[in-house]
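Architecture at a glance
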Amino acid sequence: VQLQASGGGLVQAGGSLRLSCAASGRQFNTYGLGWFRQAPGKEREFVAAITWSGVSTYYTDSVKGRFTISRDNIKNTVYLQMNSLKPEDTAVYYCAIMKVSARWGTSRETDFGSWGQGTQLTVSS
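First, a word on scope: everything that follows refers to the structure included in this document. (Residues numbered from 1 in each chain as written. Predicted model: local features only at pLDDT ≥ 70, side-chain atom pairs only at ≥ 80, totals over all residues. Heavy atoms only, no water.)

**Brief notes about the overall build of the protein**
Each helix and strand in the protein was counted, giving zero helices and 11 strands. Starting at the N terminus, the α and β elements of the protein follow one another as β-β-β-β-β-β-β-β-β-β-β. Considered along the principal axes of its C-alpha atoms, the protein spans approximately 40 × 25 × 25 Å. Within the protein, buried positions represent 43% of all 125 residues. (Helix = DSSP H or I, 4+ residues; strand = E, 2+ residues; numbered from the N terminus. Buried < 20%, exposed > 50% of the residue type's maximum accessible area, 1.4 Å probe, protein only.)

This is the structure:
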């Protein structure tokens, strides 16, 4: 599976944006997926994840209540709806496949693979 993130841009604080991660290849709907982000000068950090079915999700604390991860297995796409954006959300956002060996609830970068190219989000104050 190959992933490509898109939808980033420049948004004012308090605004909203939706990122998309399109997948090509087979068996997209058998994998859990995650979103990560990397701010300038910082390590890549976990943002959110979703099961293959889309029924279950989990988030890092800093985005809970503001971000929503979802997926459309017919369109082979996973989304990240971001509301009430803050300047500290500024980062390059990446999507990745959750490895079969990963435990549900993991936030470890090494539990994810097939990283797509990121998309830049900039939130101005």
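**Quick notes on the packing of aromatic side chains**
Applying the stated criterion to the full structure yields six aromatic pairs. Judged by centre distance (5.2 Å) and plane angle (25°), the ring pair of F46 and Y58 falls under stacked. You can see F46 sitting in strand β5 (residues 45–50) and its partner Y58 sitting in strand β6 (residues 57–59), a full 12 residues away along the chain. For the pair F46 and Y58, one class covers both residues: buried. Between F46 and F112, the aromatic rings sit 6.3 Å apart at their centres with planes inclined by 40°, giving tilted as the arrangement. (Phe/Tyr/Trp six-rings, centres within 6.5 Å; stacked < 30°, edge-to-face > 60°.)

**Topic: the pairing of strand β8 (residues 77–82)**
Residues in a regular strand point their side chains to alternate faces of the sheet. Of all six residues making up β8, five are buried, and the element is well covered by its neighbours. Sheet topology places strand β3 (residues 17–24) next to β8; six bridges connect them, and they run antiparallel. Looking across to β8, one finds that S20 is bridged to Y79. (Pairing = 2+ DSSP bridges.)

**Observations concerning the side chain of R71**
Tracing the backbone through its elements, the reader meets R71 in strand β7 (residues 67–72). Buried R71, no salt bridge; nearest opposite-charge side chain is D72, N-O distance 8.3 Å. In this structure the side chain of R71 is engaged in a polar contact, spanning 2.8 Å, whose partner is the backbone oxygen of T51. (Lys, Arg positive; Asp, Glu negative; His and termini not counted. Salt bridge = Lys/Arg side-chain N within 4 Å of Asp/Glu carboxyl O. Polar contact = N/O pair within 3.5 Å; in protein donor to acceptor, adjacent residues only side chain to side chain.)

**Side note on the sheet that holds strand β1 (residues 2–6)**
With antiparallel pairing, four strands are arranged side by side in an open sheet as β1-β3-β8-β7. Two strands close off the open sheet at either side, each with one partner strand: β1 and β7. Looking at each pair of strands side by side, their axes are set apart by 15° on average, direction ignored. (Axes fitted to C-alpha atoms, helices over the stretch in contact; angles between N-to-C directions.)

These values are about where atoms sit, not about what they do.
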